[in-house]
Amino acid sequence: MAAIESVLNEARVFEPSAEQMARASIGGMDAYRALVDEAARDYEGFWSRLAKQHLSWHKPFTRGLDESNAPFYTWFADGQLNASYNCLDRHVEAGLGERTAIIFERDDGEVQRVSYRELLARVCRLANALRARGVRKGDRVVIYMPMSVEGVVAMQACARIGATHSVVFGGFSSKSLNERLIDAQAVAVITADEQVRGGKRLPLKSIVDEALGMGGTEAVAQVIVYQRTGGDVTWQAGRDVWLHDVVADQADTAEPEWVDAEHPLFILYTSGSTGKPKGVQHSTAGYLLWAELTMRWTFDLRPESDVFWCTADIGWITGHTYICYGPTAAGGTQVMFEGVPTYPNAGRFWEMIQRHQVTVFYTAPTAIRSLIKAADADEAIHPRRYDLSSLRILGTVGEPINPEAWIWYHEQVGGGRCPVVDTFWQTETGGHMITPLPGATPLVPGSCTLPLPGIMAAVVDETGQDVPNGQGGILVVKRPWPAMLRTVWGNPERYKSGYFPAELGGNLYLAGDGAVRNDKTGYFTIMGRIDDVLNVSGHRMGTMEIESALVAHELVAEAAVVGRPDETTGEAIVAFVVLKRSRPEGAEAKQIADQLRAWVGKEIGPIAKPRDIRFGDNLPKTRSGKIMRRLLRGLAKGEQVTQDTSTLENPAILDQLGEAI
Ligand code: 6R9
């Protein structure tokens, strides 16, 4: 709460410079307001105009929004197009084939440059191979790949043949991968032998083998393996093939599959407050439109001169929209990085910005905070030791940024001259929703400022009524927008009840975050999730997911998971655990805690491992048997319990649970 208070009282305002206004694609607040007004006057016409201007259609659409089956909205539904054509062919056809699409830097520093012509050829070769091997339009292909050009090629090749990809982050465990393969009913997997991060080699193929060994994945007929390291892999003849073998004799050209605007481009699994991760399903046209447009609006991208760098992984939505699809749809040049920000030292980001003359840099607050710490500890890797003069715009995403980190980023990285765009959005929204525009929006550290034109964001109470500015509430979007998710894969009911809850009237999109708007400026400040979703280093984790992983362990009787504010990672996972046996103490407690952490790492993935595990004879419950999570959150922070605990069945356990191991 202290952090939110400090944001709401933030008095520093950074106005755009005249130069920024002059060059920006939406220069100045008047231009911004004109677009907002256009959307208010003729919502459908506004979006249709943009969809015609920014996308290349094989068959033009004749209607914009269809709300007849709300909340299953459609956009531009009778139009046809292909995402990979829009990201690649159209630039090559416009004579830009020699422009660098991707500057790929490996973990060890080796740099590869891939032109649009080359990228298109590689996508076509894999598209042909997938077709030759029986993958058809509408089939689901799971991609479990390291950060690599091949990862982007795999995604675009699926898009080219109309197959729906589902990228699974390379840090997820075999169990998580297995669940996603089953849910998506995937027919093929594209993976690599190993990935390389921070000088270490980590397996991928063997995890795929494990996931397929768990069963339920009989539909997977083939595993295509990119050879990244040449490390040992086990091979199942008939199922496993090398990527370089299957593309070897394929042509450099492949006719795109023209799909309907609403054709599912991809499914991406993300955590919710209940149950298993859900497959967020995105459309082709609406999604791609927003990926391209936000590159131009939020990042003011000049494809001919900018060098854009988004540090996200392709396994997350940010890597989908701002690596695979947005920069390429806009025809820009981007840096893509295989490794981690701290290898060989914590100056790696700054060194790479200098080396590749990056102009627009987009990263997560958690990375900024850890690099602040590193720079404080070691002057040799402080950003001021590098030439960062190429930078002109900085962005953040994934979690709230505290004003101190914002100011450091602005001053130390951006030299005080680069606007910082704090972009609020979600897997479900497809692209940016609430964000400053460089050259237009006056910036206030810690606020994501105002919704993009066409995004009808609002703050409401529990009944769906608007709350006045200055009063906190629930963040919603009042009108469907083209890039929004279309459904939860295989579970339309969960889409409907989860995102358009009846309590709010059934027609407001529920983001799942709390927000407050400033009295005077109307600026939004995001106050964090209002559901049981944690945000650890910008990664979404459901508390229920971690709890079910813990109780699946043979020693565990019961578990409750909460978040604790953390200076670097935003939130840290704290698990309160009751064992089936007596409560362990001392060295034994530590040993069991380590065992449980490793277990969660296996069940979900290393990012879900609890930072802190505490054992009790029981959990604090009300007399009606509800776990008192608010109380646990206090204990996790090390606070004294001040609230009334008279309803607690057994107040004595609070002392046990307050004790860190
Ligand atoms: C893109 C992405 C979405 C959740 C979202 C919110 C948090 C993202 C934020 C932010 C404050 C920002 N979030 N950006 N909170 N300020 N600029 O991160 O998608 O992984 O689905 O997470 O992240 O809580 O609801 P996703």
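The shown structure was predicted, so the numbers you read here are calculated from the model rather than taken from an experiment.

## Focus on the packing of aromatic side chains
Between two aromatic rings, the relevant description is the distance of the centres plus the angle of the planes.
Reasoning step 1: With the rule as written, the count across this model stands at 37 aromatic pairs.
Reasoning step 2: Taking 5.8 Å as the distance between ring centres and 85° as the angle between the ring planes, the aromatic pair formed by W290 and W297 counts as edge-to-face.
Reasoning step 3: According to the relative accessible area criterion, W290 is buried, its value standing at 1%.
Reasoning step 4: Among the aromatic residues, those joined into a cluster by ring pairs are Y43, F46, W47, W57, F61, W75, F76, W290 and W297.
Reasoning step 5: Between the NZ or CZ atom of R180 and the centre of the ring of F172, over which it lies, the distance is 4.4 Å.

## Brief notes about the sheet that holds strand β18 (residues 360-363)
Sheet strands associate in pairs through backbone hydrogen bonding, adopting either a parallel or an antiparallel arrangement.
Reasoning step 1: Sheet architecture is open: 7 strands sit in the order β5-β4-β17-β16-β18-β19-β20, paired in mixed fashion. This sheet does not close on itself; its edge strands, each paired only once, are β5 (111-115) and β20 (420-423). Averaged over neighbouring strand pairs, the angle between their axes works out to 20° when direction is ignored.
Reasoning step 2: In this structure, β18 lies alongside strand β19 (residues 393-397), joined through 4 bridges in parallel fashion. Residue pairing across strands places T363 opposite T396, the latter belonging to β19.
Reasoning step 3: Along the sheet, helix α15 (residues 403-413) makes contact with β18, β19 and β20, crossing β19 at roughly 155°.

## What about the pattern of salt bridges?
Reasoning step 1: Applying the stated rule across the entire model yields 48 salt bridges.
Reasoning step 2: For R486, the salt bridge goes to E262, with nearest N and O atoms at 2.7 Å. Of this pair, R486 sits in the loop between β22 (473-477) and β23 (487-488) while E262 sits in the loop between β13 (259-260) and β14 (266-270), and the two are 224 residues apart along the sequence. Exposure class is identical for R486 and E262. Each is buried.
Reasoning step 3: Between E659 and R583 there is a salt bridge, with its nearest N and O atoms 3.6 Å apart. Here the residue E659 occupies a position in the segment after α20 (653-657), and R583 occupies one in the loop between β29 (570-579) and α18 (586-603), the gap between them amounting to 76 residues.

## As for the UniProt feature "binding site: Mg(2+)" (unreviewed entry) in the protein
Reasoning step 1: When the UniProt feature table is mapped to this numbering, "binding site: Mg(2+)" (unreviewed entry) covers V551, H553 and V556.
Reasoning step 2: Inspection of the secondary structure assignment puts V551 in helix α17 (residues 543-551).
Reasoning step 3: Setting aside anything within four residues of it in sequence, one finds V551 in contact with V556, A557, E558 and A559.
Reasoning step 4: Relative to the helices and strands, H553 is located in the loop between α17 and β28 (556-566).
Reasoning step 5: Setting aside chain neighbours within four positions, we find H553 in contact with K580, Q595, L596 and W599.

## Things to note about the confidence of the model for the protein
Low-confidence regions, as indicated by low pLDDT, have predicted coordinates that should not be scrutinised in detail.
Reasoning step 1: Of all residues in the protein, 98% attain a pLDDT of 70 or more, and the chain-wide mean is 95.
Reasoning step 2: When mean pLDDT is compared element by element in the protein, helix α7 (residues 149-161) scores highest at 99, while helix α1 (residues 2-8) scores lowest at 56.
Reasoning step 3: Prediction confidence for the complex, expressed as pTM and ipTM, is 0.93 and 1.00 respectively.

## A look at helix α5 (residues 83-96)
The periodicity of an α-helix, 3.6 residues per turn, causes residues three or four places apart in sequence to face the same way.
Reasoning step 1: The largest bend along α5 reaches roughly 35° and is located at D89.
Reasoning step 2: Among the 14 residues of α5, 10 are classified as buried, and the element is accordingly described as predominantly covered.
Reasoning step 3: Inspection of α5 places A83, S84, Y85, N86, C87, L88, D89, R90, H91 and V92 among the buried residues, and these make up the whole buried set.
Reasoning step 4: Its buried side turned inward, α5 meets α4 (43-54), β3 (80-81), α6 (116-132), α7, α11 (285-297) and α12 (317-329).
Reasoning step 5: For α5, the N-terminal cap is N82; the gap from its side-chain oxygen to the backbone nitrogen of S84 is 2.8 Å.

## Description of the nonpolar core
Reasoning step 1: Formed by 165 residues in total, the largest nonpolar core has its most connected members in W47, Y325 and W481.
Reasoning step 2: Of all hydrophobic cores here, the second largest spans 32 residues; its members include V358, F361, A367 and C418.

## Regarding α12
Reasoning step 1: Counting buried positions along α12 gives 13 out of 13 residues, so the element sits mostly inside the fold.
Reasoning step 2: Just past α12, the residue G331 takes up positive phi, approximately 75°.

## Focus on the packing of α7 against α12
Reasoning step 1: Remark: α7 packs on α12, axes separated minimally by 11 Å, with the N-to-C direction vectors making an angle of 65°. Between α7 and α12 lies a crossing whose hand is right-handed. For the pair α7 and α12, contact is made by V152, M155, Q156 and A159 and by H320, I323, C324, Y325 and T328, respectively.
Reasoning step 2: Here the residues of the contact of α7 with α12 are counted per class, giving 6 nonpolar, 3 polar and no charged.

## Some remarks on the site of the ligand
Reasoning step 1: Around the ligand, the structure places 17 residues, and the nearest of them are D422, T423, T427, D513 and R529.
Reasoning step 2: For the ligand, a nitrogen atom lies 2.8 Å from a polar atom in the backbone of T423.
Reasoning step 3: Contact distances for the ligand include 2.4 Å between an oxygen atom and a side-chain N or O atom of D513.
Reasoning step 4: Protein chains shield 95% of the accessible area of the ligand, which is 530 Å² for the free molecule.
Reasoning step 5: Counting residues per element, the ones that place at least two in the shell around the ligand are α12, β20 and β25 (524-529).
Reasoning step 6: Residue composition of the shell around the ligand, by class: 6 nonpolar, 6 polar and 5 charged.

## Re the side chain of E150
Reasoning step 1: As for its position among the elements, E150 is in helix α7.
Reasoning step 2: Side-chain polar atoms of E150 contact the side chain of R122, separated by 2.9 Å.
Reasoning step 3: Aside from chain neighbours lying at most four places away, what touches E150 is R122, M145, Y226 and L243.

Cut-offs applied
- Residues numbered from 1 in each chain as written.
- Predicted model: local features only at pLDDT ≥ 70, side-chain atom pairs only at ≥ 80, totals over all residues.
- Heavy atoms only, no water.
- Phe/Tyr/Trp six-rings, centres within 6.5 Å; stacked < 30°, edge-to-face > 60°.
- Buried < 20%, exposed > 50% of the residue type's maximum accessible area, 1.4 Å probe, protein only.
- Lys NZ or Arg CZ within 6 Å of the ring centre and 35° of its normal.
- Pairing = 2+ DSSP bridges.
- Helix = DSSP H or I, 4+ residues; strand = E, 2+ residues; numbered from the N terminus.
- Axes fitted to C-alpha atoms, helices over the stretch in contact; angles between N-to-C directions.
- Contact = heavy atoms within 4.5 Å.
- Salt bridge = Lys/Arg side-chain N within 4 Å of Asp/Glu carboxyl O.
- UniProt positions renumbered as here; feature names shortened; annotations may be inferred.
- pLDDT = per-residue confidence, 0-100.
- Bend = angle between axes of the 7 residues up to and from the residue.
- Polar contact = N/O pair within 3.5 Å; in protein donor to acceptor, adjacent residues only side chain to side chain.
- Core = buried A, V, L, I, M, F, W, Y, C linked by side-chain atoms within 4.5 Å.
- Left-handed = near helix turned anticlockwise from the far one by under 90°.
- Nonpolar A, V, L, I, M, F, W, Y, C, P; charged D, E, K, R; others polar.
- Near = heavy atom within 4 Å.
- Areas by Shrake-Rupley, 256 points an atom, 1.4 Å probe, with all protein chains shown as cover.

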